[in-house]
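Overview (structure and organization)
One-letter residues, chain by chain:
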Amino acid sequence: MIESAVIVLGQAVAALLVSPFIVGLIRKVKARLQCRRGAGVIQPYYDLLKLFRKDVVVSTNTSWIFTATPYILFASTLMASLLVPIFLSKVPLNFAGDVITVVYLLALGTFFLMLAGLDAGSAFGGMGSSREAIVASLTEPAMILSIFAVGLTAGSTNLSTIVHKTALLQDIVTDPPPHLMAFVALFIVTLAETGRVPVDNPATHLELTMIHEAMVLEYSGRYLALVEWASALKLLLFLTLLSNIFAPWGIATEAEPARMALGVLVWLAKVSGLAVVIGVIESMFAKLRLFRVTDLLGVAFILSLLAVVFFYILRV
Amino acid sequence: MIQLFLLIALVGYGLGIFLPLLAHRRPHVQNILAHGAALLGAVGGVVVGAMGLAAEGPYVFSLPSTLPLLRYAIRLDPLSAFFVLVISLVGVAVSVFAVGYVREFYGRHSIGALGALYNAFLLSMTLVVLADDGFFFLVVWEIMSLVSYFLVVTEHEKAEVRYAGFFYLIMTHVGTAFIIVTYLVFYQQAGSFSFEAFRNPSEPLPQGLRSVAFVASLIGFGTKAGIVPLHVWLPYAHPAAPSHVSALMSGVMIKTAIYGMVRVYFDFLGGEFPWWWGFVVLTVGAVSALLGVMYALMEHDLKSLLAYHSVENIGIILMGIGAGMIFQSYGLTQLAALGLLAGLYHTVNHAMFKGLLFLGAGSLLYATHTRNMEEYGGLIRKMPWTAFFFLVGAVSIAALPPSNGFVSEWLTFQSLFLSFQIPDLLVKMMLPIGAAMLALTGVLALACFAKAFGISFLAMPRSAHARNAREVPVAMRVGMAGLAVVCVLLGVAPMVVVPVIDRVTAPLIGVSIADKVLAEGGLALMPMGVGSAAISTPVLGLLLALLVPVAWLMAVVIGGKLRKRFYKTWGCGITLKPRMEYTATGFAQPIKQVFSTIYRPTVKLETELLEESRYFAKRMHFETHIEPVFQKYLYDPVVRSLNAVADRLRVVQAGSLQLYLSYIFVTLLILLLWVR
Amino acid sequence: MGVIHPDIASQMVDLCAALLLLTCFAIVAQRRLSACVDLFALQSVFLAVTAALVAFLTGIHHIYIAALLTVIIKVIVIPRILKKVIERLNVTRELVLNVNIPPSLLICGALVILAFYITQPIISLGFLLTKDSLAIALAIVLIGFFTMIARKKAVTQVVGFMVMENGLFLGATAAAYGMPLIVELGVFFDVLVAGLIIGIFTHRLQDTFDSVDTSKLTELKE
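Residues numbered from 1 in each chain as written. Chains lettered and ligands numbered in written order. Predicted model: local features only at pLDDT ≥ 70, side-chain atom pairs only at ≥ 80, totals over all residues.

Attention shifts here to the overall build of chain B. For chain B, the count of helices and strands is 26 helices and seven strands. Dimensions along the principal axes, computed over C-alpha positions, put chain B at roughly 100 × 75 × 60 Å. Relative to its 676 residues, chain B shows a buried fraction of 55%. Considering only contacts in chain B between residues 6 or more positions apart, those separated by 24 or more positions represent 78%. (Helix = DSSP H or I, 4+ residues; strand = E, 2+ residues; numbered from the N terminus. Buried ≥ 20, exposed ≤ 12 C-beta atoms within 10 Å, placed from the backbone. Contact = placed C-beta atoms within 7 Å.)

Written as structure tokens, this is what we have:
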């Protein structure tokens, strides 16, 4: 019982501490590719610290929803991170939620963020919420199907079961084509859900090009810090899902300190690698027009659908 | 004991029908009498339902009547007790709400009639799910339909209300016709209308007739439930009715149709089904769910939006039931029980949160006197309680953890996921596609309620209606609070609800899964045993509730004391006016554009330019419509051909008295000759 | 040769084949002309890698030559020709679509399922190293054909044709461990000539109509 609590706490701390680093790493890669030096990789930590200490300015049009949302968003994203295997395959909280729960916990945060966007009464916030609605609508089916595809190989949507079986390569169906398709689909979904180019540009200053940023335009001080941290957590969560579901080797399969320490290092390496890939992709492509995002997400949906179909046809 | 409470329930409703009519011209007395009696009846119903679920065997009671073939027979088995419980729980909350709400109608309409009809409605619905005889069922079903028609046309001075009522009346009778066909099929084989005879006929029905019964009952009950394409009456009738009645219609009346389907499929036609039955139900469910939510997104009348969401949720319920039926056809009884359990759990959840949302919409209507969302705004400050309860309902219907909607949607996902155990390739591939559609439906519902709650309650008021709104009376708030509490309980205590529903599914399918579903000392739901997927909403809820103060504490530790300043929203230097806020139509516009193949929107823009300078516009008129696909391509042609046929037949009615007399004369001659 | 476990070997070839299929989808989802050509080049690289892998695993050496030819002709020469055509003729970058992208994606998905359904009896008899790849090969051929129908610009017709050829090559490699070398050479030469002819044809199209939209060809009948 104590051991489980320690592991859960460890996961929370790991997720919270590493997420700003990942954001910093992506920015650094982009800067380098633009032939700039760029800010240090630990700059996001300084940014968060600064934001926490600043005064908060709240619009007179808003209600309690606006001030409650950053806390709800942060809590739900952190909660979702606790359900995902990070350095140990058998997460203590795996009885509390599976991968569908993770998706819906993130949706809880998105729901309140959409409300907060509408709360200030400015047209930008409403626009952000409206665009977020359509992007989220298009990513959900692809996400659920790619999760199903992966879950089918392990016979369950329980994340610990999937990761554990894949890591030990026992009792699991290995099949490159559906796995590859599910991976690509989930990768595209990651780009969409975390607001990265080519779906949304996290570094833009032009309100009319914003999706996620427009919803949080009115936030300042510690509220903004919590929202930014929650976005970083969400990004880290998706990268963890991508690396630990498809290539979990290195993760600790028993709760032994040495193996868990190794698991942390391997995890850090994997998510950093994926972060670099994302940085490169963000530099290679331009942001898509909102109504062209359907094409991209359509590809993700078809790939995830095919991944599921492949599983059934090849396992006949 | 059951008899006692059943009697209390019947007497309560009965008093509610007669007493209000006596207190003439005293609306307040009529109000209290009617709703007090209804409350009594509903509380009795709750107890009856609970006792029926806990009972060992079914309770049966019957009385012969003066008419041949008709017996007043009722039977309280777990399935009917479940539905009685659902009906009565919603009835309790709505009756309390109605005490405050019908004040709207004082002086304008007869409260006595309204109260009497309300009680008759609740009574007839309770009897529908209790009926144990086909003929009696049809009688009470018809009473329920007629009473609800009269309730819908309460405000009959408005043309649109009359139209809605008329449409509803026709559609419900079409449905009833198909139900009659179903029962006649059973009657013909069983020789009597009693449900017991339907269940165990002397010889089993041949397969062809079983399929006829299946299709007829799907259409018949489906019309009442609101499956696509038979749903068109819902968005007219539910908004037209007074809000507390809409809550009952949407929350409970359409569930009686689900009861009918479950009764016919699992009880009468039980055991072996061909796989295509479940497949049809699943497909109908998936299509209804998706189309329901898509049309809901485009509505800006709050009650129409909620009505379309009822179509969507009926679709989700049918997806669970359909999956259950498919598993049953392959003999996978545990999975079949899971599917049916998911469907029934969603039934009770939807009744609660839809009832809550309609009561919320009723409160908004009471406070602002308009149903148009585009005229709301900023109401969270004027009506904080209503806003909070509406938020609970919105979170539940969007299936966000740890709400009750999440639990039932998760169970539905699991039953769709576990399809890999089905041997047939085509069928088992359809279930993941159903899951994709369910996922799309879920996220669109989330977007729709972000819109509904956000536009109605947040930011600034968009009209004088909204600016002058005030919080609603206590009775209305208490009614909403009751349903909100039930929603929360259903969400965090699934380990209590699942064994109860299992008592309903076990006799129908033959296996009990309660002990397999609960795990971790009862904290978690684990459908397929250890190692498979699980959720634990109490733990999720607890941790979420803990993490929020933890986040706050972290912010305080890192950032020190909170210093807040208030200022206007930044509007690029212009003072923001309510007209600059986002509208409901604007919010849904990207979705309309992306899914334009389904919506086929048409836009009309007329500009009137100034005479002095043709560069400036004096007036612009903008109209956008989505194509009413079902009305245009399905209903209108049917209506046109019916009218055409009727026109032809009109020749018979020439208006001349002598002609009519000669018709009678000729018929008389023919009959006399024939008898000879 | 037989050193690597046969199961892992076939999984590796499957992986490469799946990458090929992914590039097909990327081509169908494209709106920019130059991106189509680039993706085709990428696809040919994957194809060469697949062929080389098959050669390595089975020890049949002439497949290496086919892989090399693939790299030279389909990765370097033909994309060069196509890029030159695009540049010379000032073809506008946007594609003209007969079928919109979301429906085309759905149709391509259906074609993949169809391809698997058709090759299922063959697959279950399979004793070959790369049996699943045959189904993917058929799928790629069908998708290439569909691309020719669903897109209007002449350059995209070429790309579609080339994709079909890629699929055929994959099928030959997967099912028959490559065709006899002389056939391979002949096919490559044919493809090269076809590419050149289409390049010339596109020039003529531009001269006559001042556009490379092949639907303009219907005007010829008046």
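Moving on to the overall build of chain C. Helix and strand counts for chain C come out as seven helices and zero strands. For chain C, the proportion of its 222 residues judged to be buried stands at 44%. Counted over contacts in chain C with a minimum sequence separation of 6, partners at least 24 positions apart contribute 75%.

Turning next to the interface of chain C and chain A. Facing the 17 residues of chain C at the interface are 17 residues of chain A. Those elements giving two or more residues to the side of chain C that touches chain A turn out to be helix 1 (6-28) and helix 4 (101-125) of chain C. Here the residues of the side of chain C that touches chain A are counted per class, giving 13 nonpolar, two polar and two charged. (Nonpolar A, V, L, I, M, F, W, Y, C, P; charged D, E, K, R; others polar.)

What follows deals with the arrangement of the chains. The structure contains two pairs of chains in contact, of which chains A and B account for the largest number of contacts. There is a gap between chain B and chain C: no contact, and a shortest C-alpha distance of 10 Å.

Here the focus is the domain arrangement of chain B. A common measure of how large an interface is: the accessible area buried when the components associate. Looking at chain B, the domain boundaries give domain 1 (578-625) and domain 2 (630-675). Relative to domain 2 of chain B, the C-alpha centre of domain 1 of chain B lies at a distance of 48 Å. (Domains from an automatic or database assignment.)

A word on the packing of helix 2 (residues 33-58) of chain C against helix 3 (residues 62-88) of chain C. Residues and elements named next belong to chain C. It is the contact of helix 2 with helix 3, at a shortest axis distance of 8 Å, that shows an interaxial angle of 175°. With respect to helix 3, the axis of helix 2 lies roughly antiparallel. A class-by-class count of the residues in the contact of helix 2 with helix 3 yields 20 nonpolar, three polar and two charged. (Axes fitted to C-alpha atoms, helices over the stretch in contact; angles between N-to-C directions. Parallel < 35°, antiparallel > 145°, perpendicular 65-115°, else oblique.)

A separate point is the pairing of strand 2 (residues 71-76) of chain B. Residue and element names in this part refer to chain B. Counting buried residues in strand 2 gives five out of six residues, a clear majority hidden from the surface. Sheet topology note: the strand 1 (residues 59-64)/strand 2 ladder contains six bridges and is antiparallel. Bridging across to strand 2, serine 62 finds its partner in alanine 73. With antiparallel pairing between neighbouring strands as the criterion, strand 1 and strand 2 make up a hairpin whose turn holds six residues, including leucine 69 at a positive phi of roughly 75°. (Pairing = 2+ DSSP bridges.)

Once that is clear, we can look at the interface of chain A and chain B. In this assembly, 69 residues from chain A lie in contact with 72 residues from chain B. When contributions to the side of chain A that touches chain B are tallied by element, the ones reaching two or more residues are helix 2 (43-53), strand 1 (56-59), helix 3 (64-82), helix 4 (99-119), helix 5 (123-154), helix 9 (221-246) and helix 11 (293-314) of chain A. The element that contributes the greatest number of residues to the side of chain A that touches chain B is helix 5 of chain A, accounting for 17 residues. Its residues assigned to classes, the side of chain A that touches chain B shows 42 nonpolar, 19 polar and eight charged. Sheet topology note: the strand 1 of chain A/strand 5 (residues 564-567) of chain B ladder contains four bridges and is parallel. The partner of Ser59(A) across the bridge, within strand 5 of chain B, is Tyr567(B).

Time to look at the environment of Tyr168(B). Residues and elements named next belong to chain B. Position of tyrosine 168 among the secondary structure elements: in helix 6 (residues 159-190). As for tyrosine 168 and alanine 113, which are separated by 55 residues in sequence, their C-alpha atoms are 20 Å apart. Beyond its immediate stretch of four places on either side in the chain, tyrosine 168 contacts Tyr149, Val152, Trp233 and Ala237.

Once that is clear, we can look at the environment of Trp64(A). Residues and elements named next belong to chain A. Examined against the element boundaries, tryptophan 64 turns out to sit in helix 3. By the C-beta count within 10 Å, which is 13 here, tryptophan 64 ends up partly exposed. Separated by 63 residues in the primary sequence, tryptophan 64 and methionine 1 have C-alpha atoms spaced 37 Å apart.

Right, let's talk about the nonpolar core for a bit. Formed by 435 residues in total, the largest nonpolar core has its most connected members in Ile22(A), Ala185(A), Leu356(B), Leu20(C) and Ile140(C). Ranked by residue count, the leading element in this core is helix 13 (residues 333-368) of chain B, at 22 residues. Those residues within four positions of Leu356(B) in sequence are excluded, and the remaining contacts are Phe389(B), Val392(B), Gly393(B), Met480(B), Leu483(B), Ala484(B) and Cys487(B). (Core = buried A, V, L, I, M, F, W, Y, C linked by C-beta atoms within 7 Å.)

Our next topic: unusual backbone geometry. Note that the residue after Val197(A), namely Pro198(A), is joined by a cis bond; omega there is 5°. Counting through the fold element by element, Pro198(A) comes out in the loop between helix 7 (176-193) and helix 8 (212-215). For the bond running from Val228(B) to Pro229(B), omega is 5°, close enough to zero to count as cis. One non-glycine residue with positive phi stands out, namely Arg600(B), at about 45°. Mapped onto the elements of the fold, Arg600(B) is located in the loop between helix 24 (596-599) and strand 6 (602-609). Its 14 C-beta neighbours within 10 Å are what place Arg600(B) among the partly exposed residues.

Glancing now at helix 7 of chain A. Residue and element names in this part refer to chain A. Compared with the 26 Å implied by 1.5 Å per residue over 18 residues, the 25 Å span of helix 7 between its first and last C-alpha is a close match. For helix 7, the buried fraction is high: 16 of the 18 residues fall into the buried class. Downstream of helix 7 by a residue or two, glycine 195 has a phi angle that is positive, lying close to 70°. (Expected span 1.5 Å × (residues − 1).)

All names here are of chain A. Here helix 4 spans 31 Å end to end across 21 residues, near enough to the 30 Å set by a 1.5 Å rise per residue. Of all 21 residues in helix 4, 21 are buried; the element is thus mostly enclosed. Among the residues trailing helix 4, glycine 121 stands out with phi positive, at a value near 80°.

Our next topic: the confidence of the model for chain C. Residues and elements named next belong to chain C. Confidence along chain C averages 79 in pLDDT terms, with 82% of residues attaining 70 or more. When pLDDT is averaged over each helix and strand of chain C, the minimum, 74, is found for helix 7 (residues 181-209) and the maximum, 88, for helix 2. For this predicted complex, the interface score ipTM comes out at 0.94, alongside a pTM of 0.90. (pLDDT = per-residue confidence, 0-100.)

Looking now at the packing of helix 15 (residues 384-397) of chain B against helix 19 (residues 474-492) of chain B. The description of two packed helices rests on the angle between their axes and on the distance between the axes. All names here are of chain B. Interhelical geometry of helix 15 versus helix 19 gives an angle of 30° and a closest axis separation of 10 Å. By the criterion of interaxial angle, the relationship of helix 15 to helix 19 is roughly parallel. Helix 19 is crossed by helix 15, and the crossing has left-handed handedness. Note on element contacts: helix 19 touches helix 15 through Arg477, Met480, Ala481, Ala484, Cys487 and Val488, opposite Trp385, Thr386, Phe389, Val392, Gly393 and Ser396. Its residues assigned to classes, the contact of helix 15 with helix 19 shows eight nonpolar, three polar and one charged. (Left-handed = near helix turned anticlockwise from the far one by under 90°.)

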